[in-house]
Amino acid sequence: MTTTEQSTAPAGGQHAAPTAGRGVRRLLGALAGLLAAGVALGIAELFAGFIGAASSPVIAVGNAAITLTPESVKQFAIRTFGEDDKIALVVGTLLIIAVYALVIGLVGLRSRRLGVAGIAVFGLVGVVAALTRPAGGLFDAVPSLVGAVAGSLALLALLRPLTLPSVGDRHPEVTSTTTPGGATATTQTQDGMLGRLRDVLGSGDRKGTGLDRRGFLLTSGVAVGVTAVAGGGGRLLQRRFDVAGARSELALPTPASAAPALPAGADMSASVEGLTPLFTDNREFYRVDTAITVPQIRPAEYSLELTGMFDTPRTFSLDDLLGRSDLIERDITLTCVSNEVGGGLAGTARWLGVPLGAFLRENGVRDSSDQLVCRSVDGMTIGAPTRSALDVPDAMLAVAMNGEPLPVEHGFPVRMLIPGLYGYVSACKWITGIEATTYDAFDAYWTERDWAAQGPIKVASRIDTPAPLRRFPAGRRAIAGVAWAQTRGIGLVEVQVDDSDWMPAELSPEVDADLWRQWVLSFDFTPGSHSVTVRATSSDGEMQTDARTAPFPNGASGWHQIVVVAS
Ligand SMILES: Nc1nc2c(c(=O)[nH]1)N[C@H]1C(S)=C(S)[C@@H](COP(=O)(O)O)O[C@H]1N2
Ligand SMILES: [Mo]
């Protein structure tokens with residue numbers, strides 16, 4: 001047999017290894033699949049470093065998964081993982097890829113062609129996910145394509161040492177016998193040229209098992225190195241797209257109308273331990289969106305395009321918006337429709353922005369439009385009622401949050417806010433377009449997923465302290481929390497302990513109807529376990545309903561009730 005035959009033989013591929021080597025061979029085959037997938041992903045990350053993080057197959061596939069998963073599963077994920085839902089998704093995606101890769105390695109042992117085909121399918125999924133992204137371009141296919149090619153080459157290289165020509169046809173001098181126990185006894189006299197070379201290198205297939213362990217080890221090392229260097233380098237390169245620097249350099253204009261001064265004692269959290277502060281730190285502010293990688297928009301490249309039912313559809317730059325002479329600064333509590341009773345998906349900030357009603361009127365938004373479809377740079381569509389955008393005081397295109405440019409996760413450089421409406425129908429982040437249209441003509445992202453087209457915020461109240469199931473000494477202690485009914489204001493908060501009468505709580509001074517109010521009630525707890533319930537009434541007299549509903553499809557309702565133990 002010739003050397004040429006030897007080197008070409010494995011390409012066609014299949015050699016029955018002696019029984020003893022089979023388990024090891026399978027294990028290494030599966031490992032080869034895993035390592036090849038690592039190379040594919042690493043190289044893909046490297047290319048995504050030049051094109052943008054959203055073109056990375058893991059991110060693109062994760063994003064596609066978010067778009068395609070049913071609402072119930074999404075709700076489950078938000079409930080289970082909270083704000084770590086995106087990390088959970090990426091980890092989940094990687095686990096699925098890992099299992100798939102192990103299988104590809106095993107298949108590749110039997111047939112190289114099928115193994116490579118498996119990687120091609122894997123690449124194709126990445127390509128499709130990247131290209132079907134709403135904001136995707138043709139270039140976004142490159143990382144998945146190049147990654148798949150690199151992964152295939154890696155797979156072939158890794159399988160090679162595992163599929164050496166098997167015993168009989170390689171060294172006729174080698175005789176091997178299989179004992180009844182299945183172990184292989186081999187006598188070998190490697191005197192061929194290649195055999196001698198292998199002996200010198202110490203990488204010989206000494207036992208004639210069809211395995212070149214040392215070769216596999218070397219190739220694996222190279223694969224791991226490529227994965228780490230390409231993947232790590234790619235992630236570093238992807239940071240070039242970060243706009244953190246540009247954000248910190250952005251000078252904020254002064255508002256024509258500043259936020260009203262806070263009344264004395266507006267924030268009771270200083271004196272009540274465990275009570276939510278009146279204003280939420282930007283870093284503490286809840287975040288809800290479908291973006292795995294936060295969209296990065298450079299201020300210089302930003303534009304907001306008005307289309308549809310406007311008399312004068314126009315495009316605005318960020319400077320156009322920042323340079324206006326009618327900017328307002330307002331305190332507004334933002335709430336998510338996915339918030340459970342007692343949940344934390346609500347926060348308050350001081351926002352600065354362009355007054356939305358004036359802006360829309362100026363550009364001649366038509367009366368016949370009842371829906372504004374707000375488009376974000378990542379393709380999200382948020383359908384807001386035109387009426388509210390025009391008429392709700394303090395609705396704005398916000399550019400700043402608590403005295404800083406909008407944090408990138410909260411919509412830098414521009415987002416919409418309409419007090420009184422849940423975020424999913426009003427608070428479009430990274431907003432780049434407003435199309436004046438009708439509800440008949442278009443279903444926005446969440447509406448398509450059966451959430452209510454209209455999302456007014458329900459009257460709500462929450463107990464912050466004591467924490468549920470908390471044990472504390474019997475006697476007097478504060479029960480406290482927050483309540484909100486944006487645009488209407490909170491008029492009354494009542495607390496019930498076990499089946500006591502409803503007791504009115506003390507309210508923090510009203511700052512603005514768009515803001516939540518803190519409430520506190522001092523109560524003398526007798527030893528034992530107690531249930532504590534809270535309910536709020538808006539300033540215009542609507543009491544929060546006690547009928548429990550889940551967040552889907554238009555917001556949770558029901559009174560927040562907890563159990564605590566005094567001892
Ligand atoms: N582009 C974009 N804007 C979005 C969303 C989104 O997924 N994408 N989610 C909306 C939802 S459901 C809510 S509750 C608010 C949350 O805003 P925050 O993350 O700044 O708290 O943003 C809204 N704006
Ligand atoms: Mo939301």
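Note that this is a predicted model, so its numbers are computed, not measured.

**Structural notes on the pairing of strand S16 (residues 490-497)**
- Of all 8 residues in S16, 6 are buried; the element is thus mostly enclosed.
- In this sheet, strand S20 (residues 528-538) lies alongside S16 in antiparallel orientation, the contact comprising 7 bridges. Within the sheet, the bridge partner assigned to Gln 496 lies in S20 and is Thr 533.
- Note: S16 against strand S17 (residues 503-504), 2 bridges, orientation antiparallel.

**Re the packing of helix H5 (residues 85-110) against helix H6 (residues 112-132)**
- At a closest axis distance of 6 Å, the pairing of H5 and H6 adopts a crossing angle of 155 degrees. Taken as axis vectors, H5 and H6 run roughly antiparallel relative to one another. On H6, the residues that touch Ile 97, Tyr 100, Ile 104, Val 107, Gly 108 and Arg 110 of H5 are Arg 112, Leu 114, Gly 115, Gly 118, Ile 119, Val 121 and Phe 122.
- In the contact of H5 with H6, the residues fall into 8 nonpolar, 3 polar and 2 charged.

**Comments concerning the sheet that holds strand S19 (residues 517-525)**
- Read across the sheet, 4 strands follow the order S13-S15-S19-S18 without closing on themselves; strand pairing throughout is antiparallel. One side of each edge strand has no neighbouring strand; the edge strands of this open sheet are strand S13 (460-465) and strand S18 (506-507).
- Here 5 bridges tie S13 to strand S15 (residues 475-484), and the two strands are oriented antiparallel to one another. Residue Ser 461 lies in a different strand from S15, and its bridge partner there is Ala 483.

**Brief notes about the nonpolar core**
- Residues Leu 304, Trp 351, Leu 397, Ile 418, Ile 431 and Ile 434 are the most contacted members of the largest nonpolar core, which totals 79 residues.
- Aside from chain neighbours lying at most four places away, what touches Ile 431 is Tyr 302, Leu 304, Cys 374, Arg 375, Ser 376, Leu 397, Val 414, Arg 415 and Met 416.
- Of all hydrophobic cores here, the second largest spans 22 residues; its members include Val 459, Phe 472, Ala 505 and Phe 525.

**Quick notes on the UniProt feature "transmembrane region" (unreviewed entry) in the protein**
- Taking the numbering used here, the UniProt-annotated feature "transmembrane region" (unreviewed entry) corresponds to residues 27-51, 87-107, 114-132, 138-159 and 216-237.
- In residues 138-159, helix accounts for 82% and strand for 0%; the two terminal C-alpha atoms are 33 Å from one another.

**Here we look at the pattern of salt bridges**
- Evaluated as defined, the whole model comprises 18 salt bridges.
- Glu 45 is the partner of Arg 235 in a salt bridge, and the nearest nitrogen-oxygen pair spans 3.8 Å. Separated by 190 residues along the polypeptide, Arg 235 in helix H10 (residues 213-238) and Glu 45 in helix H2 (residues 19-51) bring together distant segments of the chain.
- A single salt-bridge network, built from bridges that share partners, covers Arg 287, Asp 289 and Lys 429.

**With respect to the sheet that holds strand S7 (residues 371-376)**
- Within the open sheet, the 5 strands sit side by side as S4-S3-S12-S7-S8. Their pairing is mixed. Strands at the two margins of the open sheet, each flanked by one partner only, are strand S4 (315-317) and strand S8 (381-385). Pairwise comparison of adjacent strand axes, ignoring direction, gives a mean angle of 20 degrees for this sheet.
- In the sheet, S7 pairs with strand S12 (residues 431-437) via 6 bridges, with the strands oriented antiparallel. Pairing of Leu 372 across the sheet is with Ala 436, part of S12.

About the criteria used
- Within any chain, residue numbers begin from 1 and follow the written order of that chain's sequence.
- A letter from A marks each chain and a number from 1 marks each ligand, given out in the order of writing.
- In keeping with the predicted nature of the model, local features appear solely for residues at pLDDT of at least 70, side-chain atom pairs appear and are counted solely at 80 or more, and the whole-chain, interface and lining totals rest on all residues.
- Heavy atoms from the whole structure form the basis of all side-chain values; hydrogens and water molecules are not counted.
- Only protein chains enter the area calculation, which uses a 1.4 Å probe; residues under 20% of their type maximum are buried, those over 50% are exposed, and those in between are partly exposed.
- Each helix is a run of H or I in the DSSP string that is no shorter than four residues. Each strand is a run of E no shorter than two, and both are numbered from the N terminus.
- Here the rule is simple: two strands pair whenever DSSP picks up at least two bridges between them.
- Simply put, an axis is a line fit to the C-alpha atoms, just over the touching stretch for a helix, and the angle between two N-to-C directions goes from 0 to 180 degrees.
- Reported orientations rely on four angle classes, namely roughly parallel under 35 degrees, roughly antiparallel over 145, roughly perpendicular from 65 to 115, and oblique for the rest.
- Residue contacts are counted whenever heavy atoms from the two residues lie within 4.5 Å of one another.
- Amino acids outside the nonpolar list (Ala, Val, Leu, Ile, Met, Phe, Trp, Tyr, Cys, Pro) and the charged list (Asp, Glu, Lys, Arg) are all regarded as polar, and Gly is one of them.
- Take the buried residues of types Ala, Val, Leu, Ile, Met, Phe, Trp, Tyr and Cys, join any two whose side-chain atoms come within 4.5 Å, and each joined set is a nonpolar core.
- UniProt positions are given in the numbering used here, feature names are shortened, and annotations may be inferred rather than shown by experiment.
- Salt bridges are counted wherever a side-chain nitrogen of Lys or Arg sits within 4 Å of a carboxyl oxygen of Asp or Glu.

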